[in-house]
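# Reading the structure
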Amino acid sequence: MDRTGLAAFLRRRRESLQPEDVGLPRGQRRRTSGLRREEVAALCHMSTDYYARLERERGPQPSEQMIASIAQGLHLSLAERDHLFRLAGQHPPARGVVSEHISPGLLRILDRLTDTPAEIVTELGETLRQTPLGVALTGDTTRHTGPARSIGYRWFTDPAARALFPPGDHALLSRRYVSGLRSVVALRGPDSRAAHLAELLLPQSEEFRTLWETHEIGVRPDGLKRLVHPEVGALELHCQTLLDPEQSHLLLVFTAVPGSESYDKLQLLSVIGAHSAAWHQHGEPAHLQPEEL
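## Details of the sheet that holds strand β1 (residues 118-121)
Ordered in space as β2-β1-β5-β4-β3, the five strands form an open sheet in which the pairing is antiparallel. Both outer strands of the open sheet, β2 (127-130) and β3 (224-229), are each paired with one neighbouring strand and no more. Sheet twist, expressed as the mean angle between neighbouring strand axes with direction ignored, is 30°. Here β1 pairs with β2 via three bridges, running antiparallel. The residue of β2 that forms the bridge with Ile-120 is Arg-129. Against the sheet, helix α12 (residues 261-272) makes contact with β3 and β4 (233-244), and its axis sits at roughly 85° relative to β4, the strand it touches most.

## Examining the packing of aromatic side chains
The way to describe two aromatic rings as a pair is by their centre distance and the angle between their planes. Enumeration over the complete set of coordinates arrives at four aromatic pairs. Between Trp-155 and Tyr-177, the aromatic rings sit 5.3 Å apart at their centres with planes inclined by 50°, giving tilted as the arrangement. Of the two residues, Trp-155 sits in helix α8 (residues 151-157) while Tyr-177 sits in helix α9 (residues 170-188), which places them 22 residues apart along the sequence. For the pair Trp-155 and Tyr-177, a shared accessibility class is recorded, and that class is buried. Taking 5.4 Å as the distance between ring centres and 75° as the angle between the ring planes, the aromatic pair formed by Phe-156 and Phe-208 counts as edge-to-face. Here Phe-208 lies in helix α11 (residues 206-212) and Phe-156 lies in helix α8, a separation of 52 residues in the sequence. Grouped by ring-pair contacts, the aromatic residues Trp-155, Phe-165 and Tyr-177 constitute a single cluster. In this arrangement the basic side chain of Arg-182 is found over the ring face of Trp-212, its NZ or CZ atom lying 3.8 Å from the centre.

## Let's talk about the layout of surface pockets
Taken as a whole, the largest pocket encloses approximately 1,200 Å³ of empty space. Considering the residues around the largest pocket, the lining is formed by 38 residues, among which His-45, Ser-69, Gln-72, Leu-128 and Arg-129 are closest to the centre. Those elements giving two or more residues to the lining of the largest pocket turn out to be α2 (37-43), α4 (64-73), α5 (78-87), α6 (104-111) and β2. Ranked by residue count, the leading element in the lining of the largest pocket is α4, at seven residues. Class assignment for the residues of the lining of the largest pocket results in 14 nonpolar, 17 polar and seven charged.

Reading the values: the criteria
- Residues numbered from 1 in each chain as written.
- Predicted model: local features only at pLDDT ≥ 70, side-chain atom pairs only at ≥ 80, totals over all residues.
- Heavy atoms only, no water.
- Pairing = 2+ DSSP bridges.
- Helix = DSSP H or I, 4+ residues; strand = E, 2+ residues; numbered from the N terminus.
- Axes fitted to C-alpha atoms, helices over the stretch in contact; angles between N-to-C directions.
- Contact = heavy atoms within 4.5 Å.
- Phe/Tyr/Trp six-rings, centres within 6.5 Å; stacked < 30°, edge-to-face > 60°.
- Buried < 20%, exposed > 50% of the residue type's maximum accessible area, 1.4 Å probe, protein only.
- Lys NZ or Arg CZ within 6 Å of the ring centre and 35° of its normal.
- 1 Å grid on protein atoms, 1.4 Å probe; cavity = no way out; pocket = protein on both sides within 12 Å on 5 of 7 lines; lining within 4 Å.
- Points joined across faces, edges and corners; volume = space filled by probe spheres on them.
- Nonpolar A, V, L, I, M, F, W, Y, C, P; charged D, E, K, R; others polar.

Written as structure tokens, this is what we have:
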């Protein structure tokens, strides 16, 4: 662990970032050049004292999970992330489709979507980050662990995963999830995480087994998502996607036609979203699927 190098790198990166770069308000009377330590600590989900000790060349060696959190909070590029790991005496994690490090560019876009439901997901439908209105719309889908992080896995193993969608759409969504997973298995190979998900689902869901045996490919969504929110009711939203090809991450942005009933309901949801804690424990996202890459 290079304590001196790590401390200098963290200070330089913190001082080079402005509040607006990471979705924070600038506010009045800002004297600090760049971000404050407490702001970085909040972005990295750690205590201010812990982060400050790293910048002062003190404290224990950070774990791999802690370094990854710092790299994401500071909006580091992949090269900068790998450098941070080496300074901390750890091996950098793998790049590519298995990486969960979100690119700074994708994060900057998400940070600016403060009044829009949006989320960043992996090609397996695992939510990495959501906007506040995204959480109000679909629930906190970053909370899941293990295979259940994938919306496709939850769709066939947890009845609550279907609560956000009209029953009439369930059959088509099932076909889309299976078709998308089969496409990723073919793309990534039999030893991939996608293949492992399929192996887990086959003995657990008769519906999944039946659809898997059809070998259906290319069941594509039409871009219109129909949802039934427990507080504002039925919504029709258009989903736009932005792909980071290096990481195979998708930024999903949900919008409604201005002046429509769904548009008004989104405005209402932005007001009552802070009071939707009960829904956050059970909601599920309207993810696009891997075949949309």
